[in-house]
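Observations on the three-dimensional arrangement
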Amino acid sequence: MRVGRFPGDGLWRALRRFEARTRPVDPETVVALRRRWSELPEALRTPAQLLGQRTTGCEGTHGVFPRCNFACSPCYLGSEANQVRTDAEHTLVEVDRQMAYLRRTRGVDQHAQLIGGEVTLLGPEAHAQALLTMQHHRRKPMSMTHGDFDYAYLERLAIAPDGTRRFDLLRFAGHFDSLMRGRSGIRRPRDEAELHPFRREFVANFERLEREHGVRFDLAHNMTVTPRSLPQVAEVVRACAPMRFGMMSFQPAAYVGNPKRWKEEFHDVSIDAVWREIERGIGARIPWEHLQMGDPRCNRSSHGVFAGGRWVPVLDDRDPRDLAVRDRFVQTFGGMDFDRPGWAVAVAVARVLLRNPPVLPVAAGWARRLGRRLGWRRLLFGRPRALTFVVHAFMDAEVVGPAWEATKRGETAADPAVRAAQERLAACSYAMAHPDEDMLVPACVQHAVLDPGENAILRQRLPMVHSK
Ligand code: SF4
């Protein structure tokens with residue numbers, strides 16, 4: 001017997017969808033946040049901590065397309081990576097498995113990097129399918145690339161063969177630095193300044209896509225820093241800040257990946273030294289201790305507004321009223337996702353405010369102070385946009401291996417360097433999924449410990465096909 005539908009069914013379903021889309025925090029994320037908070041080392045459970053309060057952390061894929069067509073020094077890929085064929089079918093199956101696991105363990109609406117070797121070797125169609133798969137598991141995907149592709153590639157990625165738009169928003173991180181070898185038009189850059197036209201072209205391609213097809217974008221600029229390039233960080237910041245990057249991320253080089261590509265004394269570059277250079281480039285003090293992702297030895301970041309050539313932090317760490325705003329914001333909004341359509345954010349915010357009306361005057365006070373710091377003229381006419389600075393310091397393989405072994409045995413290492421690595425791994429903010437082992441691992445462990453074995457297996461399954 002066919003069961004008839006009640007006339008109100010459709011309306012009821014629509015209301016439920018509306019309710020879910022405007023929910024401040026998804027229940028899956030609430031559970032995952034609580035778990036993440038409880039797993040953090042006690043000393044890091046501070047009001048400044050974002051892990052477990054605002055986010056469950058960043059995520060990345062592994063073993064999905066290990067090969068790269070550049071040769072950089074250093075390179076975090078093992079030497080075997082380039083002997084694995086890029087294979088769309090393998091990529092899509094693996095991305096699906098890893099993302100499903102991340103959803104189960106990390107909740108929804110988290111940032112996930114489509115990363116491994118070079119993502120554009122996938123071709124635009126498979127690349128698009130991988131991003132859609134990630135979205136299906138409610139991740140916010142970001143493609144990590146060397147940025148050496150043209151507008152036609154980007155257009156074919158964003159627009160389906162039938163002319164329909166596949167994405168409203170694309171997130172890409174372009175890695176540009178003078179340690180890279182193989183970029184079309186500049187195989188061996190001599191310094192960072194020589195790469196500025198390529199950085200500009202990367203952004204210009206997204207601006208054109210936005211103009212022609214209405215696809216918005218969120219771009220990050222990544223740069224590995226060695227002693228040789230450290231003094232050029234300020235120059236990169238100065239040149240890139242006016243481009244439409246929303247984030248500039250710097251990674252001091254670590255001894256991980258292919259040892260043949262270790263050319264300098266990487267330990268001469270500290271996270272502090274890189275931060276000082278960023279400050280020199282942007283011409284401002286950049287506070288960071290009031291907002292922390294995981295362990296401060298791994299990450300440092302500062303969110304700010306760039307307008308009319310000037311950058312100011314969103315929160316002034318020296319103003320107790322701004323620190324109170326931070327605490328109130330975290331208590332009130334928790335892990336709420338602001339990265340959704342404007343109408344959904346507006347309704348979600350309204351739902352929160354209805355329960356917490358005293359937040360309004362606090363927010364108004366903060367906005368007034370931010371406007372004064374930046375200058376109202378700049379705020380109104382200086383094309384303000386968000387610009388975040390990040391330094392992420394990976395660890396050397398030499399300490400990660402023993403630290404991971406000790407952690408797995410449930411021991412604390414006697415060696416202070418290994419113990420420090422254990423502490424950092426315990427507060428890791430960048431995880432990769434291993435569904436078969438029912439395990440998340442820090443990216444440091446993935447690269448330093450697991451990649452070689454994984455690539456050896458993939459090399460058998462996906463050997464390179466050489467044309468005769
Ligand atoms: S443990 Fe490694 S991957 Fe995790 S946040 Fe620290 S440096 Fe990054």
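Predicted, not measured: the structure shown is a model, and the values here were computed from it.

If you tally the helices and strands in the chain, you get 15 helices and 11 strands. Taking 2.2 N^0.38 as the reference for a compact globule, 468 residues should give roughly 23 Å; the C-alpha atoms of the chain span a radius of gyration of 23 Å, in line with that estimate. Nonlocal contacts in the chain, meaning residues at least 24 apart in sequence, comprise 75% of its contacts between residues at least 6 apart.

Note that soluble globular proteins tend to have their nonpolar side chains buried in a common cluster. Membership of the largest hydrophobic core comes to 97 residues, with the highest contact counts inside it found for Leu 114, Val 400 and Cys 444. The element contributing the most residues to this core is helix 15 (residues 443–461), with six residues. Discounting residues that sit within four places of it in the chain, Leu 114 has contacts with Thr 61, Val 119, Ala 130, Leu 131, Met 134, Pro 141, Met 142, Ser 143 and Met 144.

Bringing the pairing of strand 8 (residues 310–313) into the picture now. Of the pairings in the sheet, the one linking strand 7 (residues 299–307) to strand 8 comprises four bridges and is antiparallel in character. When the sheet's bridge partners are listed, Ala 307 is paired in strand 8 with Arg 310. Counting the residues that bridge the hairpin from strand 7 to strand 8 gives two residues, and of these Gly 308 lies at a positive phi of roughly 55°.

Moving on to the site of the ligand. Around the ligand there are 15 residues in total, and Cys 298, Cys 428, Pro 442, Ala 443 and Cys 444 lie nearest to it. Of all elements in the fold, only helix 14 (416–426) and helix 15 reach the threshold of two or more residues within the shell around the ligand. Across the shell around the ligand, the residue classes break down as 10 nonpolar, four polar and one charged.

Turning our attention to the environment of Val 215. Its location among the elements puts Val 215 in the loop between helix 6 (196–213) and strand 5 (216–225). For the pair Val 215 and Arg 165, spaced 50 residues apart in the sequence, the C-alpha separation amounts to 7.8 Å. Residue contacts for Val 215: discarding those within four places in its chain leaves Ala 158, Arg 165, Phe 167, Asp 168, Leu 170, Leu 209 and Glu 210.

This next bit is on the packing of helix 9 (residues 320–333) against helix 11 (residues 359–374). The contact between helix 9 and helix 11 brings their axes to 10 Å, and the two run at 135°. Classed by the angle they form, the pair helix 9 and helix 11 counts as oblique. Of the two elements, helix 9 crosses helix 11, and the hand of that crossing is left-handed. Along the contact surface, helix 9 presents Arg 321, Asp 322, Val 325, Arg 328 and Thr 332, while helix 11 presents Val 359, Val 362, Gly 365, Trp 366 and Arg 369.

Judged by pairing direction, the sheet is mixed, and its 11 strands sit side by side in the order 8-7-9-6-5-4-3-2-1-10-11 without closing on themselves. Each edge of the open sheet carries a strand with a single partner, namely strand 8 and strand 11 (439–442). For this sheet the average axis-to-axis angle between neighbouring strands, irrespective of direction, equals 30°. In terms of strand pairing, strand 7 meets strand 9 (residues 385–392) through eight bridges, oriented antiparallel. Bridge pairing links Val 305 to Ala 386 in strand 9.

Along the chain, Ser 73 connects to Pro 74 via a cis peptide bond; the corresponding omega equals 5°. One can find Pro 74 in the loop between strand 1 (58–60) and helix 3 (88–106). One non-glycine residue, Asp 109, adopts positive backbone phi at about 60°. Note that Asp 109 resides in the loop between helix 3 and strand 2 (110–114). The backbone of Arg 383 sits at a positive phi, close to 50°, despite the residue not being glycine. Relative to the assigned elements, Arg 383 resides in the loop between helix 12 (376–381) and strand 9. We classify Arg 383 as exposed; it has 11 C-beta atoms within 10 Å.

Quick look at the pairing of strand 11 now. In this sheet, strand 11 lies alongside strand 10 (residues 430–434) in antiparallel orientation, the contact comprising four bridges. Bridging across to strand 11, His 434 finds its partner in Met 439.

What follows concerns helix 9. End to end, helix 9 covers 20 Å across 14 residues, agreeing with the expected 20 Å (1.5 Å per residue, within 8%). Looking at the residues trailing helix 9, positive phi occurs at Gly 334, about 50°.

Our focus in this paragraph is the packing of helix 5 (residues 151–158) against helix 6. At a closest axis distance of 10 Å, the pairing of helix 5 and helix 6 adopts a crossing angle of 45°. Taken together, helix 5 and helix 6 sit at an angle that is classed as oblique. The hand of the helix 5/helix 6 crossing is right-handed. In this structure, helix 5 contributes Tyr 151, Leu 154, Glu 155 and Ala 158 to the contact, and helix 6 contributes Asn 205, Arg 208, Leu 209 and His 213. Grouping the constituent residues of the contact of helix 5 with helix 6 by class yields four nonpolar, two polar and two charged.

One can find Val 274 in helix 8 (residues 271–282). It is 7.5 Å that separates the C-alpha atoms of Val 274 and Val 391, two residues lying 117 residues apart in sequence.

What follows covers the environment of Gly 365. Looking at the element boundaries, Gly 365 is found in helix 11. Taking C-alpha positions, Gly 365 is 9.1 Å from Asp 322, a pair spaced 43 residues apart along the chain.

Conventions and cut-offs
- Residues numbered from 1 in each chain as written.
- Predicted model: local features only at pLDDT ≥ 70, side-chain atom pairs only at ≥ 80, totals over all residues.
- Helix = DSSP H or I, 4+ residues; strand = E, 2+ residues; numbered from the N terminus.
- Rg over C-alpha atoms; globule rule 2.2 N^0.38 Å.
- Contact = placed C-beta atoms within 7 Å.
- Core = buried A, V, L, I, M, F, W, Y, C linked by C-beta atoms within 7 Å.
- Buried ≥ 20, exposed ≤ 12 C-beta atoms within 10 Å, placed from the backbone.
- Pairing = 2+ DSSP bridges.
- Near = placed C-beta within 6 Å.
- Nonpolar A, V, L, I, M, F, W, Y, C, P; charged D, E, K, R; others polar.
- Axes fitted to C-alpha atoms, helices over the stretch in contact; angles between N-to-C directions.
- Parallel < 35°, antiparallel > 145°, perpendicular 65-115°, else oblique.
- Left-handed = near helix turned anticlockwise from the far one by under 90°.
- Expected span 1.5 Å × (residues − 1).

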